[in-house]
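Descriptive analysis of the structure
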Amino acid sequence: MSNKSTDLQIKTDMDQKELLHLLTCQGEEEQQLYTRAAAQRNQAIGNGVHLRGLIEISNICRKNCLYCGIRHSNPNVNRYELTDEEILEAARFAWQHNYGSVVLQGGERTDKTYVNRITRLLQEIKRLSNNQLGITLSLGEQDKATYQRWFEAGAHRYLLRIETSNSQLYRKIHPADSLHNFATRLQCLEYLQECGYQTGSGVMIGLPFQTTEDLVNDLLFLKSIDIDMVGMGPYLEHQDTPLYSNREVLLPISERLRLSLHMVAALRLMIPDINIAATTALQAIDSLGREKALAAGANVIMPNITPESNRKNYKLYSNKPFSDEGAEEILRQLIESCASYGCRVNLGEWGDSRHWHTKNRK
């Protein structure tokens, strides 16, 4: 048997066969994949990590996605809604501790009272931070007028995960009704781009019924829509959801983690200058999951700065990681852990997508 080392062939315009190899490679090739992805990131945008202070504003949701722990029909959820004061205090903390940006994330609502409240909160966050805090929203599907209104009020990034680019698989993980429509999700992504947002999306990795070929097509889809930022991670089941009944056919959790890291690395090689998040779901599998994603090419981390009394209630999946440490101590530990994986935290920066800026200069 030859001892000659393998050399992983990588290029930015990979086809389905080449991407499939990246997602399934092992051993020495796997390490090459991670190393080259991190080097690609460093060359394209540097080794800086952008922080997004995550504020989970509410777990009240009108949707019934079959995988989600805060789905409307789950009677076991302790529902909450942060007050304006709690949200603004969290944003103030992020500003005073040089996070650079915050994310407002919550269950999906579209009523007028809610839309008006988000508009007001955006304006208040900009005011209290002297326009220094960047703002990302992750508040689900809205009409174009709402997206435009929130953009004008101060939000400039929006994350709306497609979950899967396979329309048939999408239907398997959502109810068959007008509130859960694949075409609507695609339309909303178009609306966000038309409004001027730095637009983000992402997929779940290791879903029931999902194939590796589906994940390859997910990568190609993200590139085809010229995405600016991506948040993707392993599917983690929740016992109070319909999809939990399929848990026996899931990939082992360690394989879902490995596939997620391969997806991060492959996407970095395909689109070198986008923002890619090291998601909390990775940390739910491995305490160093986010840091391992940094080593595979990610460049965004979202520390949870939701008031501690409500963090455990925003439970999209089981075994969501929590910390009893205060937010200041979490930040200190995060800076140290990023440094140990060859990255530095960029404090006080919005951390906008280089990809978005480049294409909008053309």
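For the structure itself, consult the block above.
Reference entry: report on the structure contained in this document. (Residues numbered from 1 in each chain as written. Predicted model: local features only at pLDDT ≥ 70, side-chain atom pairs only at ≥ 80, totals over all residues. Heavy atoms only, no water.)

Some remarks on the pattern of salt bridges
With the rule as written, the count across this model stands at 21 salt bridges. Residues Glu81 and Arg117 are paired through a salt bridge, measuring 3.2 Å at the closest nitrogen-oxygen approach. Of this pair, Glu81 sits in the loop between β2 (53–58) and α3 (84–96) while Arg117 sits in helix α4 (residues 112–128), and the two are 36 residues apart along the sequence. The buried category is assigned to Arg117, whose relative accessible area is 13%. As a salt-bridge pair, Glu124 and Arg127 come within 2.5 Å of each other at their nearest N and O atoms. Of this pair, Glu124 and Arg127 both sit in helix α4, separated by three residues, roughly a single helical turn. Given the relative accessible area of 31%, Glu124 is considered partly exposed. (Salt bridge = Lys/Arg side-chain N within 4 Å of Asp/Glu carboxyl O. Helix = DSSP H or I, 4+ residues; strand = E, 2+ residues; numbered from the N terminus. Buried < 20%, exposed > 50% of the residue type's maximum accessible area, 1.4 Å probe, protein only.)

Digging into unusual backbone geometry
Not every positive phi belongs to a glycine, and Asn131 is a case in point at roughly 65°. The topology assignment puts Asn131 in the loop between α4 and β4 (134–138). We classify Asn131 as partly exposed; its relative accessible area is 46%. Even without glycine at this site, Asp226 takes up a positive phi of about 55°. Among the residues examined, Asp226 registers a relative accessible area of 34% and is labelled partly exposed.

Quick word on the packing of α3 against α4
Where α3 meets α4, the axes come as close as 10 Å, and the angle between the chain directions of the two elements is 35°. In the packing of α3 onto α4, the handedness of the crossing is right-handed. Counted together, Asp84, Ile87, Leu88, Ala91, Arg92 and Trp95 of α3 and Arg117, Arg120, Leu121, Glu124, Ile125 and Leu128 of α4 form the full contact between these two elements. Here the residues of the contact of α3 with α4 are counted per class, giving seven nonpolar, no polar and five charged. (Axes fitted to C-alpha atoms, helices over the stretch in contact; angles between N-to-C directions. Left-handed = near helix turned anticlockwise from the far one by under 90°. Contact = heavy atoms within 4.5 Å. Nonpolar A, V, L, I, M, F, W, Y, C, P; charged D, E, K, R; others polar.)

Quick word on the pairing of strand β10 (residues 275–278)
Residue alternation in β10 divides its side chains into two sets, Asn275 and Ala277 and Ile276 and Ala278, and both sets are buried. For strand β8 (residues 229–230) and β10, the ladder comprises two bridges, and the chain directions are parallel. Directly across from Val230, in β10, lies its bridge partner Ile276. Pairing analysis gives two bridges linking β10 to strand β11 (residues 300–301), with the strands arranged parallel. When the sheet's bridge partners are listed, Ala278 is paired in β11 with Ile301. (Pairing = 2+ DSSP bridges.)

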